[in-house]
Each structure stands twice: as structure tokens, then as C-alpha cells.
Amino acid sequence: MTAERFKARSAVRHGDGAAQSAPSRARRARARRKAQLTAWGFIAPVIAYLGIFYAYPLYRNIDLSLRSYTLSSFITGDAPFAGLSNYINVFHNPTFAPALVNTAIFTFVSIAFQFAIGLALAVFFFKTFRLSGILRALFLVPWLLPLLVSASTWSWMLNSDSGIVNSFLQAVGMQPIDWLTSPKWALVAVLIANIWIGIPFNLVIMYSGLQSISPDIFEAAAIDGANGWQRFWRITFPLLRPVSAITLLLGLVYTLKVFDIIWIMTRGGPATASTTLAIWSYQLGFGSLLPDFSSAATVGNVLILIAVVFALVYIRARSRLETT
Amino acid sequence: MTVQRSRKARTIGAALLAVGTMAAALTACSSGSASSSASTSSASGGGTYTFWDPYPQYTASSAWAQLVSKCGTEAGVTVKRTPYDTTALTTQALLAGQQGNSPNILLIDNPVVSTLASAGLLTSTAQNGLSTGAIASNILGAGVINGKTYGVPIGANTLALYYNPKILAAAKVNPASITSWAALTAALAKVKAIGKKGITFSGINTEEGSFQFLPWFWGAGANLTNVDSPQAIAALTLWTTWIKDGYAPNSVIQDTQTTSWQEFQTGQFAFGENGTWQKTLAATMGAKVIAIPAENGGAAPVPTGGEFFTIPVQKNTASYAASAKIVSCMSSGSNIVSTDNTLNYIVPTQAGQQAQVSADSSLSSWVSAVGVAKARTGDNLGTKYPIISQQLWTAVQKAESGAASPASALAAAQSAATAAINK
């Protein structure tokens, strides 16, 4: 981007030089410098903001992960450089494999259901009917509740002995399930809660995406004899592709780092049954009385890397979409 | 060009978005130093002394806050008290230590003392001149590392077995007969037979879970340096069998000490393992208390809970004298007795305990429980304790949920703890 802009600018400058006298060129240069300074003045707050709140924390996180911090070296700040040994230790840790698998399952299953249900609801509510506004508003409730509240409520509802879900299962003659305390079900339980929380976001974005599709197209398709199913797969879905892509990417970034719901409901347990990378990072850094900041930062950086990889995949997909 | 440029802009935008969101979310977890503490600058010598405690429930008008400022006045200084949540206080203390602005006096949970001391943040009694004379050595234990003492306890609490007399009477169980694991398990069977629930405890995967498991662990004769010993396996098998046989609810895997207490308060449970801090609530529901039995009879050693007064390292070493004066004012004589009565603690000195029992005879069982209690970081474990404890609660979780047998869960815990300690 900068290279092209520079080329454009110098082209203009050469053009000027040929046509104008020296004093006017100097005046112009001064004015341009002034304008440039003003521009930098406008940009400075943004750069300072990015530096203080994004670049420095990121730098610290990488620094923490490349040094071997103990408690006393955290205080004195003279931790020895450890190269990639923290990363090697993390990859060899018996918690790494389950945490990675859980993160993958949690992220992809969450997004698949959130997106599918959100899209279905958006299409459903796109046909305005009586009370549709109120119903749509009701679907937004999970979004408005503080995560602490919704996660605590889910954990009460899914309690093995006194939860409403198990009371219901028993009432209809089924075996109660140890939702939060069995290694088989813990991940499913947090998935259900997370899907429920993520549906409104998908619903809102896909609904606004639907509104940007011209009704003429649907009308034309209907005249040509396309049924509802065909209209969805041949028109709605392809035209929603750009919106879908950004929804999925945002969903991915949000879901990769989900922490509060899992921590409140299962604390990553039992054992490592619902431990994701985000939970593990917290456990290492703050879960015990003796914090291990280096390993926590290492796991955090692994998560960031995963997000960046998916962002790049998204960008490739976008550019291919635009060239075709 | 415009298409390309806008695509590139989007590329950078999307990458920044992803990195930015993740970084913002994660640095809060890992960096720490960037999120600056709301610490007050530590004044030293005369003027204002800072004091942090983990009692946000006590406001400025409470008796505790008034005692703090009164002790400051007696030492000729003003004390500025800042309360934090217990877990937040540990992080705050570490960050303040890193920034070189620790408070003058810090009241901190006892297993954290060894952590802060090994980080070089605390002064020993030899440096600060605090007297530990009459304090019971088993309670002081959490503050002793390599022969040096790094603080004095404000009070002690511990665990015991609350029971519901109505349920035991209905099940025809004599509480006095429960002196061993076999007797307790037999009692649980009788309680289940009349349709009531047996026992509730906190088997969660946090420090609370280890705290609650230790009486059984130590009661079997196991040692924290060897968590996969046959004794340790016996203790974990006791818990898992209770869950499997329906004597303990499955929810203990998730229960904190608070939620486990709420279950006991429903009146459906015969027993609840819980702490001194619940004794007032226990009295209102008519619950009584017995010592946690050891495997083969007698009372099991229980872990001590409670905070320690510590004096963090300051640039101005002259401030230690006044800090020590304030601490000894708060931690001795009638002050500590009235403080510990409000906090539901047992006084760490014999004279204080006598004063407490003569005022309220129901405390005598707690005084004897505290008498046999052990510090978690004792036995010179120090900072090895947090590592072992984390592996221990993980093993407890695995066994409780059926993800592994007690023996294999504890064997994995032992090898993980050894690896982490030797790292």
C-alpha cells in the first residue's frame, strides 16, 4: 500500500517540478511538510493507542514466553532467555493434546451450530409476521445478559442432583446425566451453553445481511418458478457469502478465546475434559498459588498464532472470491 | 490499484483484528504487568502506612477497620487500609512487589506466605522485630521457611465434620461412635437406607479441593512428598467409593466449600465437611460438629486456614519498627480475641483460646481441631506445596469423575509433580 502511494506521490512531484519555478516549489514543499505534520498529529493518538494497548502487551507476552520466569525473577525482572524451551515444554505437556483437541471441537462445533441456527432464524424472521419483532428481540436476550449470569444459570440448570434439566429427564423417564461432572459430558455441556450465547450475534448479522439483498431478485426467481428451497440455496446463501465469511471469522476469534463460560461451569474439568487452550493458559498463570507466567504466556501465544492462521485463510478466501 | 489496495487494507485490517482481539484478551491472563495495580504508594517513616487485607466485607465503619486505624494511631502513624478479594490480593501483592511499591503491612492467606517469601518480598521476624512468642507452633508453621519466620497468624480456622442430629437420630447413628473411616461409612449406609443423603464435601479442581481432601489424605497416614503411596490411594478410594455408592452426591466434583455448605443446609444431608467459618450458620440450623476421623481411629490431622500478618520489604527499612508495632497491636491481647470472634477464627495463642472458650464453650471442639491442625506448606514444603497441590486436585478430579482409577491418577500426579519441581 505505502509503496504504491509513494510512487503516486513522486509522480505528482515530478510533474510539479517541470512546470513551476523554484520559489513556488519551495513554498509548496513547506506547505506539504506542514500538511504532513498535521497528518502525523492526527495519527499520533491512534499510534500511541495501538502501541500502548496492543503492541506493548503483545511484546510483553512474547517476551514472557521466551524467558524462563520464576516468581523471584518475575519480581526482579532478570529472567534468563530460554529460547523456545517453553514452547517445547508446553507441546510435550500431557495437557497439551487434550486442550488442543478440546479447543478444536469447542470452536468448530460452536460455530457450526451458532451459524446454522442463526442463519435459519434470520431467514425465518425475514418474513415479517405478527409479533416477529418481539420474538426476534427475545432471541437477543442471551446477548444482553452478563456472561457470569448466563454461565451460572446454566451450571445450576445442569447440576447433577438438583438441576432442572435432570429433573426433566427423569420426569420423561430418562436416566439423569452428569452434565458437568462426567468426563464424557462436560464438553457437551459447555458447548450447549456457548452455542446458546452465540446464536443472537449470528442472527443479527445474518439478518442485516439478508436486508441488503434486493427483493427484486427473489421476485424474479419466484416468477421463474423457483421454490423456497431453491431460492435459499441458489440466491440467499450465495449472496450472503461475504457476510457469512466475516461472521465466521469473528465467531472463530471469539470462540477460540472463550474463557468465562467454561471456567464458571466446569473450571476446565473434570480433569482435562473441558480444558481448552484459553482455560489452560489461565490455570498456568493464575490457577495455582504459584503462578507460572512463562508457560501461561506461551499457551496464550499459541492461541494467537492459531487465530492469525485462520485470519490468513480468511483473507486468501476473500481474495479468491473477488478475483472470480 | 484500488482493488488491490483495498484488499491489502482489508488483509491488514483482518489480521490486526484477529491479533488485536486475541492479544487484548490474553495479555490480561498472562502479562500482568501491563494491567497496573491500583496500589497506593507506600509511605515509609511517619506519615501514612499502607495496609492490605482480604476482607472487603468489612467497610470503613466496621469494628475491624476501626481497630486497624486505632493501632495506627497508637504507633503514631495513619494507616490507610485497602481490602481486596482473597485471590486478587495474591496477584496484587506480586505486582506491587515487582513495581517496588508493596504495602507496609500485608495480611495474606497462609499458603501464599512461603510463595511471597521465596520471591524475596517479605521481611523475616529477625529483620522486622516481630515477636512470635506465645503462638502455637503448628499454626505458625505456614510462616516458617528454612528456620526463618515471615509473619504472624491473625487466627486459624480448619475443617471438621458437621452433622445433622435429626438425620443421625432417625438413622439410629450415634455421632460419638464415628471415630474411624469404617464407622463413618457404616453410618453413611444407615443414612442412605432411610432415604436421606450421606455426606457432602468440596472435591473441586482448585485449592479448595486439595484443602478438603487433606484431612483424609493425612488421616490415612499419607505424606505430600509421596502422593501415590498406598495410604494416599486408600484416601482417594474412600471418596470415590462414596460417590459410586451414592453416599456422596455426584455434584461434589463441582462443589466449592460454599456450594457444598448450601447442600448441607438443605437439611437432607447427614454430614458436611466444612470449616470453622460456618459455625454461626451451623448453630442456627441446629447442626453439631465432630472431628474428621482418621482411617484407623482418632482425629485426622486437618489443614490450617487463615491469614498471616506480613511486613513486605521496603526501601526505607526504618519503617519496619512502626509496622511491627501496628501488627503486634492488632495480633495480641484482647484485640485479637475480639477480631477472631468476628472473623470466626480460633486465636493462635493458648491464652487467647482460653478466653474464647470461656466466652463460648461450643468452641472447644474447634480449639482441639486447630490444636492438631497442620500447615499445608509445612514439613518444609514451602513453594513445592502449590505444585503438589495442583497435581493432587487434578488426581482427585480424575478419580471422582471416573476418568482414571485412584491409583493411576495419583501415580500420574506424582510424576507430574516431580517433573515440575525439578524443572
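This is a predicted model, so every value here is computed, not measured.

About the criteria used
Residues numbered from 1 in each chain as written. Chains lettered and ligands numbered in written order. Predicted model: local features only at pLDDT ≥ 70, side-chain atom pairs only at ≥ 80, totals over all residues. Helix = DSSP H or I, 4+ residues; strand = E, 2+ residues; numbered from the N terminus. Buried ≥ 20, exposed ≤ 12 C-beta atoms within 10 Å, placed from the backbone. Contact = placed C-beta atoms within 7 Å. Domains from an automatic or database assignment. Nonpolar A, V, L, I, M, F, W, Y, C, P; charged D, E, K, R; others polar. Pairing = 2+ DSSP bridges. Axes fitted to C-alpha atoms, helices over the stretch in contact; angles between N-to-C directions. Parallel < 35°, antiparallel > 145°, perpendicular 65-115°, else oblique. Left-handed = near helix turned anticlockwise from the far one by under 90°. Expected span 1.5 Å × (residues − 1).

**Points about the overall build of chain B**
Of regular secondary structure, chain B possesses 18 helices and eleven strands. Relative to its 423 residues, chain B shows a buried fraction of 53%. Of the contacts made within chain B by residues no fewer than 6 positions apart, 75% connect residues no fewer than 24 positions apart.

**Some words on the domain arrangement of chain B**
Residue and element names in this part refer to chain B. Each assigned domain of chain B is listed here: domain 1 (48-157 + 305-371) and domain 2 (159-302 + 383-422). Taking only C-alpha atoms, the centre of domain 1 and the centre of domain 2 are 29 Å apart. Counting residues at the interface gives twelve residues for domain 1 and twelve residues for domain 2. Of all the secondary structure elements, the ones that give two or more residues to the side of domain 1 that touches domain 2 are α4 (110-118) and α16 (364-371). It is α4 that contributes the most residues to the side of domain 1 that touches domain 2, four residues altogether. Here the residues of the side of domain 1 that touches domain 2 are counted per class, giving five nonpolar, seven polar and no charged.

**Things to note about the sheet that holds strand β2 (residues 78-83) of chain B**
In a beta sheet, neighbouring strands pair by backbone hydrogen bonds and run either parallel or antiparallel. Residues and elements named next belong to chain B. Spatially, β2-β1-β3-β11-β6 is the arrangement adopted by the five strands of the open sheet, whose pairing is mixed. Edge positions in the open sheet fall to β2 and β6 (152-153), since each of these has one partner strand only. Here strand β1 (residues 48-53) runs beside strand β3 (residues 105-109); their pairing, made up of two bridges, is parallel. Looking at β3, one finds that Trp 52 is bridged to Leu 106. Helix α2 (residues 63-74) rests against β1 and β2 of the sheet, and its axis sits at about 150° to β2.

**Observations concerning the sheet that holds strand β10 (residues 288-290) of chain B**
All names here are of chain B. The sheet built from four strands is open, its strands ordered β8-β9-β7-β10 with mixed pairing. The outermost strands of the open sheet, each flanked by one partner alone, are β8 (197-200) and β10. With direction set aside, neighbouring strand axes in the sheet form an average angle of 25°. Where strand β7 (residues 159-163) lies against β10, three bridges are found, and the strand directions are antiparallel. By the bridge assignment, Tyr 163 is partnered in β10 with Lys 288.

**Thoughts on the packing of helix α15 (residues 277-287) of chain A against helix α16 (residues 293-323) of chain A**
All names here are of chain A. Closest axis-to-axis distance for the α15/α16 pair is 7 Å, and the angle between their directions is 165°. Considering their axes alone, α15 and α16 lie roughly antiparallel with respect to each other. Where α15 crosses over α16, the handedness of that crossing is left-handed. Facing Leu 277, Ala 278, Trp 280, Ser 281, Leu 284 and Gly 285 of α15, the residues of α16 in contact are Phe 293, Ser 295, Ala 296, Val 299, Gly 300, Val 302 and Leu 303. When the residues that make up the contact of α15 with α16 are grouped by side-chain class, the tally is nine nonpolar, four polar and no charged.

**Observations regarding helix α10 (residues 230-244) of chain B**
Residues and elements named next belong to chain B. Spanning 15 residues, α10 covers 20 Å between terminal C-alpha atoms, matching the ideal 21 Å at 1.5 Å per step. All buried positions along α10 are accounted for by Ala 232, Ile 233, Ala 235, Leu 236, Trp 239, Thr 240, Trp 242 and Ile 243. At its buried positions, α10 is contacted by α8 (181-193), β8, α9 (207-219), α17 (384-401) and α18 (406-422). Gly 246 occupies a position one or two residues after α10 and carries a positive phi of about 80°.

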